[in-house]
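# Topology and contacts: notes
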Amino acid sequence: MNEIIGIIIAAVLCWLNFVLLDTWLGLPEKPGVKGADVIGRDVKKRGGDLSGGFFQGNIVCSPDASAGTLLGAIACYTIGIPAGGFIAALLVFIGNRLCADPGYAGTTGAITIMIIIALASFIGIPPEQFIVGMVLAIVTIQGLNHPRASKLLGKIAKKMGRYTDLT
């Protein structure tokens, strides 16, 4: 498969994996750690969506599905499938406990990306393309425009019934 096409497919799969998992597991509803609250409220002050801001803050301040997805892709590349995915899940689980984060989004993200990478390998998308794809996915949420990205995340949270009731 062409590398560019593989990276684009991997980026879309990574984006869906981490955004849908993090939303389903409640990241937009409330900040899991103090820093996430600060980031969420700052994004809202700059014209963004509070739920989307909480989502962004949670992925910055604690290893959630974005970290699990990236670490899972790296571990699958360096160690192999499935061992890399399970080691990544363990490391993210430990990271969550160190951050006093009660959630399991990162651990789940590492396991689901391992499964996605294993399945994608059958159509010729190797783990290294998922590493690049995940970096691109994170950049779309954290690196381009926080208020706009937070509005998209807020819409997804509303559709999934995970919108915040905090003000």
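Keep in mind that this is a model prediction, so the values were computed, not measured. (Residues numbered from 1 in each chain as written. Predicted model: local features only at pLDDT ≥ 70, side-chain atom pairs only at ≥ 80, totals over all residues. Heavy atoms only, no water.)

## Some remarks on the packing of aromatic side chains
Stated formally: When the centres of two rings from Phe, Tyr and Trp lie within 6.5 Å, Trp using its six-membered ring, the rings pair. Their planes under 30 degrees apart give stacked, over 60 give edge-to-face, and anything left gives tilted. Helix and strand definitions follow DSSP, with helices as H or I runs of at least four residues and strands as E runs of at least two, each counted in order from the N terminus. Using a 1.4 Å probe on the protein chains alone, a residue whose accessible area is under 20% of its type maximum counts as buried, one over 50% counts as exposed, and one in between counts as partly exposed. Sitting over a ring, as applied to charges here, requires NZ of Lys or CZ of Arg to be within 6 Å of the ring centre and within 35 degrees of the ring normal.
The tally for this structure, following the rule as stated, stands at 2 aromatic pairs. Seen in terms of ring centroids, Phe18 and Phe55 are 6.3 Å apart; in terms of plane orientation they differ by 45°. Their pairing is tilted. On the criterion of sequence distance, the pair formed by Phe18 in helix α1 (residues 3–24) and Phe55 in helix α3 (residues 50–61) is long-range, its members being 37 residues apart. The pair Phe18 / Phe55 is uniform in exposure class, with both members buried. Ring geometry for Phe93 versus Tyr104: centroids 6.1 Å apart, planes at 15°, classification stacked. With a gap of 11 residues between them, Phe93 in helix α5 (residues 83–98) and Tyr104 in the loop between α5 and α6 (105–120) connect regions that are remote in the sequence. Tyr104 gets classed as partly exposed once you look at its relative accessible area, which sits at 46%. Note that Lys158 overlies the ring of Tyr163, its terminal NZ or CZ placed 4.8 Å from the centroid.

## So, the side chain of Thr23
Defined as follows: Residue contacts are counted whenever heavy atoms from the two residues lie within 4.5 Å of one another.
Within the fold, Thr23 resides in helix α1. You can call Thr23 buried: its relative accessible area is 0%. Excluding residues within four positions of it along the chain, Thr23 makes contact with Pro28, Phe55, Ile156, Ala157, Met160 and Arg162.

## Description of the layout of surface pockets
Here is the rule we go by: The rule is simple: put a 1 Å grid over the protein atoms alone, call a set of points where a 1.4 Å probe fits but cannot get out a cavity, call an open set with protein on both sides within 12 Å along at least five of seven lines a pocket, and count a residue as lining if it has an atom within 4 Å of a point. Grid points are joined across faces, edges and corners, and a volume is the space filled by probe spheres set on the points. The residue classification treats Ala, Val, Leu, Ile, Met, Phe, Trp, Tyr, Cys and Pro as nonpolar and Asp, Glu, Lys and Arg as charged. All others, Gly included, are polar.
Taken as a whole, the largest pocket spans an internal volume of roughly 250 Å³. Along its surface, the largest pocket is lined by 14 residues, and Leu25, Gly26, Leu27, Asp101 and Gly103 are the ones closest to its centre. Partitioned by chemical class, the residues of the lining of the largest pocket number 6 nonpolar, 4 polar and 4 charged.

## Remarks on the nonpolar core
So the rule is basically this: The nonpolar core is taken to be a set of buried Ala, Val, Leu, Ile, Met, Phe, Trp, Tyr and Cys residues, with the residues joined through side-chain atoms within 4.5 Å.
Counting 25 residues, the largest nonpolar core has Trp15, Phe18, Val19, Phe55, Phe130 and Ile141 as the members making the most contacts within it. A per-element tally of this core places α1 first, with 6 residues. Beyond its immediate sequence surroundings of up to four residues, Phe130 is in contact with Ala10, Leu13, Cys14, Ala73, Ile113, Ile116, Ile117, Ala120 and Ile125.

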